[in-house]
Structure formats: structure tokens, C-alpha cells
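Chain residues, written in single-letter form:
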Amino acid sequence: MSAHVFTIVLCAAALHAGWNALVRVGLDRLLAVTLIQVGAGVLALVMLPAVSVPGAAAWPWLGLSAVLHVGYNVFLARAYASGDFGQVYPIARGSAPLIVALVGLMALGDQPSLIGYGGVALLTGGIWWMAVRGAGRTGLPRAGLASALVTSAFIASYTLSDGLGARANHDAIGYVLWLFALNGLCMGLLLWAMRGRRTLTAIAEHYRVGLLGGAMSMAAYGATIWAMSQAPIALVAALRESSVLFALAISALFLRERLSRQRLVAGVIILSGVALLRLG
């Protein structure tokens, strides 16, 4: 992976951890997640005139990804309602890189080096160490664990879908903007259907947080999708999950969650995986 792609994906990882932390804005978790996705959708809609309409080959991937992102947002909100940010975030992100790597190898023809696969394995193992051993005596309830694991499956699915969609469209930025416009529309309609018009009024009161989180979410994922058009999807997907390190810092410094020795050990393992990904 080239140095500039590596750096851009690391920046995307930091932004991703940041917008996930904003889910603790004070609304319930589904409202907060929807607020950020609608904010991203509004920003994307404003910028759509600057890009071309996706080609026919990209629309099936856009449709599939919009559905997968809705599932991801719903289960992410459920998971955050059950446990600490520092517990839920690593589990939700932990399995996705390995799933993506296996599918990329077997079905997509991506061929990272052995060093690259070693980085994927180390990073995935470090994330799981942080989630399971780093929780200490305060374990994640079964419902939260199940939601986090389902979230991870959605992450792997939409990562693959969007990597292929961006390649099919030959314009990663245009693909991202259309994707976020669709995702914001779908999440807004889903919230309206589930809870009625009053909930849209509630999230409108926090529109500044929605726009900030939406901008961070769109920039983070836009950079990731662009990177997947430049480097093997498996390596980009794994490196993006170094966002767990940024989440660790946020949970300790800003959310005042417990930072255990086990989480620090996991951080070292994750950093080792990141270093191998750079070499791979």
C-alpha cells in the first residue's frame, strides 16, 4: 500500500471513531445515529450537482449498499444502547476485516502479500483482545454482543459492496455522494415509519451535531472507498479498523471510560498490525 493511500485511510479511521463518539449526543441511540446519517445525506444532496449520475453498472451496488447501511445503523444503535463505547466499538469493527479479506481472496481476486494478511490477522486479533479481555469484569450483555456481531457482518457486507460499486462507477467521489444521499433518505424515512413525525423534530433540534457528524462520516467513508479503488479492498478495510485505537483514546480522554492494561496491550497488537499493513 502506498504512503499516501495509507495516510488517507488512517485519517479516515480517526474521523470514523469521532463520529461514532458523537452518537452519545444526548438522544437515544437510534435517534443519534439517524441524526448523523441524515446530516450526511443533506450535505451530500447539496454537492450532487458537482458530480455525474452513476453509471448503470453502479446502481445495483448503490441499492444493495443503501439497504446494508440501514441494517448497520439500526444494529449499531442497538449495540450502543447496551454497552460502553469502548466495548461496543471494537466488537462491531473486529470481525469485518477478516471476513472482507477471506471474501476478497476467494471471490474477488484480490491478492495482498503474506505480510499484508499478517497485518489483517494481527489487527483483527488486537481488536478482539480489546473487546473481550479489555472489558474487565464489566462484560457486554448478550443482547449488546449479538447486536455488535450483526453490525460487524453488515460492515463486511457493505464494505465489499461499496468497493465493487466504486470500481464499477470509475468515480469514487460521485459514488460516495449518491450513496450518502440515499442512505440519509432511507434512514429518515425509516425513523418516520417507526416513531412518527415528532422524532424528526427532535433530531432537527440537534442539527449542528448532525451536520458535523455527517461531514465526518462522509469524509471518512469517502476516503475509504477511494482507497479501495487504489489498493486491495482487504488491506484498506483492515487498516480502517485502526479507528479502534482512536476510539480507545476518545473513550479514555473524553468519555471517561476505564482504560485497562488489557486495552493497552491490545493497542500495541493493533499498532503492530497497522505497521505490517503499511509494509504489505
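Residues numbered from 1 in each chain as written. Predicted model: local features only at pLDDT ≥ 70, side-chain atom pairs only at ≥ 80, totals over all residues. Heavy atoms only, no water.

Participant: Before we go on, may I ask you to explain the packing of aromatic side chains in this structure?
Facilitator: Centre distance and the angle of the planes are the two values used to describe a pair of aromatic rings. A full pass over the atoms with the stated rule returns five aromatic pairs. Relative to W178, the ring of W59 has its centre 5.6 Å away and its plane inclined at 75 degrees; by these criteria the two rings are edge-to-face. With a gap of 119 residues between them, W59 in helix α3 (residues 59-80) and W178 in helix α8 (residues 172-195) connect regions that are remote in the sequence. Ring pairing ties together the aromatic residues Y72, Y158, F180 and Y221, which thus form one cluster. (Phe/Tyr/Trp six-rings, centres within 6.5 Å; stacked < 30°, edge-to-face > 60°. Helix = DSSP H or I, 4+ residues; strand = E, 2+ residues; numbered from the N terminus.)

Participant: Just checking my understanding: could you explain α8 for this structure?
Facilitator: Residue pairs spaced three or four apart in an α-helix point in one direction, given the helix's 3.6 residues per turn. Here α8 contains 24 residues, and its C-alpha end-to-end distance of 34 Å stays within 8% of the 34 Å for a straight helix at 1.5 Å per residue. Just downstream of α8, G196 is the residue with a positive phi angle, here 90 degrees. (Expected span 1.5 Å × (residues − 1).)

Participant: How should the environment of V70 be read in this particular structure?
Facilitator: Position of V70 among the secondary structure elements: in helix α3. Using a relative accessible area of 17% as the deciding quantity, one classes V70 as buried. Along the sequence, V70 and F154 sit 84 residues apart, while their C-alpha atoms lie 9.2 Å from each other. Filtering out sequence-adjacent residues up to four positions away, V70 remains in contact with N183, C186, M187 and L190. (Buried < 20%, exposed > 50% of the residue type's maximum accessible area, 1.4 Å probe, protein only. Contact = heavy atoms within 4.5 Å.)

Participant: What is the right way to look at the side chain of R240 in this model?
Facilitator: You can see R240 is positioned in helix α11 (residues 233-240). For R240, a relative accessible area of 2% gives the class buried. Here T159 takes part through its side chain, which lies 3.4 Å from a polar atom of the side chain of R240. The residues touching R240, leaving out its near neighbours within four places in the chain, are V9, A13, H16, R93, I155, Y158, T159, Y221 and T224. (Polar contact = N/O pair within 3.5 Å; in protein donor to acceptor, adjacent residues only side chain to side chain.)

Participant: Whenever I open this one, the nonpolar core confuses me. Can you help?
Facilitator: Counting 66 residues, the largest nonpolar core has M1, W19, V23, F180, I225 and V236 as its most contacted members. If one sorts the elements of this core by residue count, α8 sits on top with nine residues. What I225 contacts, discounting residues up to four positions off in sequence, is D162, A166, A172, Y175, V176 and L179. (Core = buried A, V, L, I, M, F, W, Y, C linked by side-chain atoms within 4.5 Å.)

Participant: How do you make sense of the environment of Q230 when you look at a structure like this?
Facilitator: Note that Q230 resides in the loop between α10 (207-228) and α11. With a relative accessible area of 47%, Q230 lands in the partly exposed category. On a C-alpha basis, the gap between Q230 and R167 in space is 9.3 Å, while along the polypeptide they are 63 residues apart.

Participant: Which parts of the structure should I look at to understand helix α12 (residues 243-253)?
Facilitator: Within α12, eight of the 11 residues are buried, which leaves the element mostly enclosed by the surrounding structure. Those residues of α12 that fall on the buried side of the exposure criterion are S243, V244, L245, A247, L248, I250, S251 and A252.

Participant: I tried to follow the confidence of the model for the protein on my own but got confused; where do I start?
Facilitator: Scored by pLDDT, the protein comes out at a mean of 80, with 83% of its residues at no less than 70. Element-level pLDDT for the protein is lowest in helix α5 (residues 96-108), with a mean of 64, against a maximum mean of 91 in α8. (pLDDT = per-residue confidence, 0-100.)

Participant: Help me understand the packing of helix α1 (residues 3-21) against α3, please; the structure alone is not making it clear to me.
Facilitator: Angle between the axes and distance between the axes: these two values describe a pair of packed helices. Close contact between α1 and α3 brings their axes to 12 Å; oriented N to C, the two are set at 65 degrees. Residue-level contacts link H16, W19 and N20 of α1 to Y72, L76 and Y80 of α3. Its residues placed into classes, the contact of α1 with α3 shows four nonpolar, two polar and no charged. (Axes fitted to C-alpha atoms, helices over the stretch in contact; angles between N-to-C directions. Nonpolar A, V, L, I, M, F, W, Y, C, P; charged D, E, K, R; others polar.)

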